[in-house]
Amino acid sequence: MNEFLVLRIFCMCTFFVVMILKEVWKTVRWQWRKVKLSMNSLFYNHFLDQGYVADVCMEPMFWFVDNFTKCLGPFFVASVCGLTASVIVIAYWIGLPYWWHKSPWMTVILMIIGHWLLVNICFHYYMAANTHPGSPPEGALILEAASICRKCIAPKPPRTHHCSVCNKCILKMDHHCPWLNNCIGHFNHRYFFMYMAYMCLGVLFLIIFGFQLAYDEVWIGMEEIDEDDESFIEGHPVRFNNSILIPVTELMANLSSNMSLLETTEPHKGRSLRQSCLIYMAFINTGVLIALGALTLWHARLISRGETSIEANINKAETKRLAETNKVYTNPFDFGWRKNWRLFLGMVRGRTWRHVLLPSPHKPIGEGLTWHTVHSDTEDNSEEEEDSNRGEYLKDPFYTF
């Protein structure tokens, strides 16, 4: 009887405990729903996804990188100037006497070519670093605006993007270059590309015409000796087995009596300053040629397609998106590689290759607010204009801003 009563009491207690836990769970779940509803009402975003969450979590890192890049910009510029100056000094110190001794006429030709490259490198770097890339006018009504910048809260014309380092919108923005401490945009894009192209030609010029010098001094360990100069022969020549004459120095003839002198003489250790400078120059030139050469080729490909580095990613995403619906995406700013290059280099209004081969401060076409596209009515006669005389002014309104 007692066992039955104890079992009954235990079952009743268990039932009451379960009922209490259910009520507690219902209360907690209801409170959680209220908290969730309150949070969603305050912070709800219909576009919230994994990518958005990742961007929010990475925002502090982006902020650090942007400010870090902005603070170190002057240091990067000083590094470029210092490395370039050091290479030039070594070329004058070691390369110029070497080639002058080898061939004065060849030296004059190399000096002309080298200074042509040097002037173009310095000019285009200075212009790329000090020319403002262009920004939309502030406080003005921009009829050409295609959207609103979410960070500037201002109208944003076509091909304009916001630079988080400069904290402003840039016309036809390509990227922010820390080595120039400046954005690459509409008004300095040509200077940036021409600097890279001439820098690659410059280091290639040094590598080609400095290879023999570096090989003689670094690998062989001595300069090339003029075979007609017999002033280096010391002592009396001797002949072995009717062979050629071999000089023997007086020091070697008296070697047995001067062993103490040889024992006290320490061998030369390490590389000379000239060899170290040539090795340094070889590493700098090779590294610049590989890195900057690859970047130059990539930008040349983008220019041929009529797009910037930012637009390349956008066009790639649009091409993939439209391909899923069996549609073909067309870049509205791609007029063909030949016309794209003419527009980029500014070879319009009677300009020729002289404005490309020599330093030229001419500005790009337009103000960067409006852009003609392949769908524009003003481009109907583009094929006819491609065959126009290079010395005449092009009549298309696209070329006569």
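Definitions and cut-offs
- Residues numbered from 1 in each chain as written.
- Predicted model: local features only at pLDDT ≥ 70, side-chain atom pairs only at ≥ 80, totals over all residues.
- Heavy atoms only, no water.
- Helix = DSSP H or I, 4+ residues; strand = E, 2+ residues; numbered from the N terminus.
- Contact = heavy atoms within 4.5 Å.
- Areas by Shrake-Rupley, 256 points an atom, 1.4 Å probe, with all protein chains shown as cover.
- Salt bridge = Lys/Arg side-chain N within 4 Å of Asp/Glu carboxyl O.
- Buried < 20%, exposed > 50% of the residue type's maximum accessible area, 1.4 Å probe, protein only.
- Axes fitted to C-alpha atoms, helices over the stretch in contact; angles between N-to-C directions.
- Parallel < 35°, antiparallel > 145°, perpendicular 65-115°, else oblique.
- Expected span 1.5 Å × (residues − 1).
- 1 Å grid on protein atoms, 1.4 Å probe; cavity = no way out; pocket = protein on both sides within 12 Å on 5 of 7 lines; lining within 4 Å.
- Points joined across faces, edges and corners; volume = space filled by probe spheres on them.
- Nonpolar A, V, L, I, M, F, W, Y, C, P; charged D, E, K, R; others polar.
- Core = buried A, V, L, I, M, F, W, Y, C linked by side-chain atoms within 4.5 Å.
- Phe/Tyr/Trp six-rings, centres within 6.5 Å; stacked < 30°, edge-to-face > 60°.
- Disulfide = S-S within 2.5 Å.

Visitor: Help me out: how do you make sense of the overall build of the chain in this one?
Guide: Within the chain one finds eleven helices and eight strands. A fraction of 64% describes how many contacts in the chain between residues 6 or more apart in sequence connect residues 24 or more apart. A total accessible area of about 27800 Å² is found for the chain, and carbon and sulfur atoms account for 65% of it.

Visitor: I keep staring at the pattern of salt bridges and nothing clicks. Help me out?
Guide: Where side chains of opposite charge bring their charged atoms close, a pairing between them can arise. Applying the stated criterion across every chain, the model contains four salt bridges. Between E311 and R159 there is a salt bridge; the shortest N-O distance is 2.7 Å. One end of the pair, E311, is in helix α8 (residues 309-323); the other, R159, is in the loop between β2 (155-156) and β3 (161-163), and 152 residues separate them in sequence. One exposure class covers both E311 and R159, and it is buried. Taking the shortest distance from any N to any O, the salt bridge between R305 and E307 comes out at 3.2 Å. The partly exposed category is assigned to R305, whose relative accessible area is 35%. Of the residues examined, E307 reaches a relative accessible area of 5% and is grouped as buried.

Visitor: So what exactly am I meant to see when it comes to the packing of helix α7 (residues 273-304) against helix α9 (residues 337-345) here?
Guide: When two helices pack together, their arrangement is given by the angle between the helix axes and by the axis-to-axis distance. Packing of α7 against α9 leaves a shortest axis separation of 8 Å and a crossing angle of 105°. As the angle between them shows, α7 and α9 are arranged roughly perpendicular. Taking contact as the criterion, the partners of A300, I303 and S304 in α7 are, on α9, W337, N340, W341 and F344.

Visitor: When you look at helix α3 (residues 104-130) in this model, what are you seeing that I'm missing?
Guide: Under the 1.5 Å per step criterion, the end-to-end length of α3 is 38 Å for 27 residues, consistent within 8% with the ideal 39 Å. Within α3, burial applies to T107, L110, G114, L117, N120, I121, F123, H124, Y125, M127 and A128.

Visitor: Would you explain the side chain of N331 in this entry?
Guide: With respect to the helices and strands, the residue N331 is situated in the loop between α8 and α9. For N331, a relative accessible area of 11% corresponds to the buried category. Residues within four places of N331 in sequence aside, it is in contact with R305, G306, E307, N315 and V374.

Visitor: It is not clear to me how empty space enclosed by the protein should be interpreted in this structure. Could you clarify?
Guide: Empty space among the atoms can be located by rolling a probe the size of a water molecule over them. Within this structure, the stated rule accounts for one cavity of 30 Å³ or more. Each pocket or cavity is described by its volume, and for the largest cavity that value is around 430 Å³. Lining the largest cavity are 27 residues, with R159, K172, L343, F344 and W371 positioned closest to its centre. Within the residue set of the lining of the largest cavity, elements represented by two or more residues are α4 (189-220) and α9. A class-by-class count of the residues in the lining of the largest cavity yields twelve nonpolar, ten polar and five charged.

Visitor: Explain the nonpolar core here, please?
Guide: A general feature of soluble globular proteins is that nonpolar side chains tend to end up buried together. In this structure, L180, F192, F193, Y195, W341 and L345 are the most contacted members of the largest nonpolar core, which totals 40 residues. Elements with a minimum of two residues in this core: α2 (50-102), α3, α4, α7 and α9. The leading source of residues in this core is α4, at twelve residues. Beyond its immediate chain neighbours, meaning those up to four positions away, L345 contacts R190, M194, V356 and H362. The next biggest cluster of nonpolar side chains, apart from the first, holds five residues, and it includes V165, I170, M173 and C183.

Visitor: What exactly am I supposed to notice about the packing of aromatic side chains here?
Guide: Aromatic ring pairs are defined here through the distance separating the ring centres and the angle between the ring planes. Applying the stated criterion to the full structure yields eleven aromatic pairs. Plain terms: the ring middles of W116 and Y198 are 5.6 Å apart, the flat faces sit at 90° to each other, and that makes the pair edge-to-face. Taken as a pair, W116 in helix α3 and Y198 in helix α4 lie far apart in primary sequence, 82 residues in all. A relative accessible area of 3% places Y198 in the buried class. Both rings, one in F193 and one in F344, keep their centres 5.8 Å apart while their planes meet at 85°; by these two values the pair is edge-to-face. In this pair, F193 sits in helix α4 while F344 sits in helix α9, placing the two residues 151 residues apart along the sequence. Since its relative accessible area comes to 10%, F344 is described here as buried.

Visitor: Looking at this structure, how should I read the state of the cysteines?
Guide: Here a disulfide denotes one covalent bond, and it connects the sulfur atoms of two cysteines. Within this structure, the stated rule accounts for zero disulfides. Not engaged in a disulfide, the cysteine C81 finds its nearest cysteine sulfur in C122; these two sulfurs lie 8.5 Å apart. Just so you know, C183 is unpaired, no disulfide at all, and the nearest cysteine sulfur is the one on C163, 3.1 Å from it. Its relative accessible area of 0% is what places C183 among the buried residues.

Function cannot be read off these values alone, since they describe shape.
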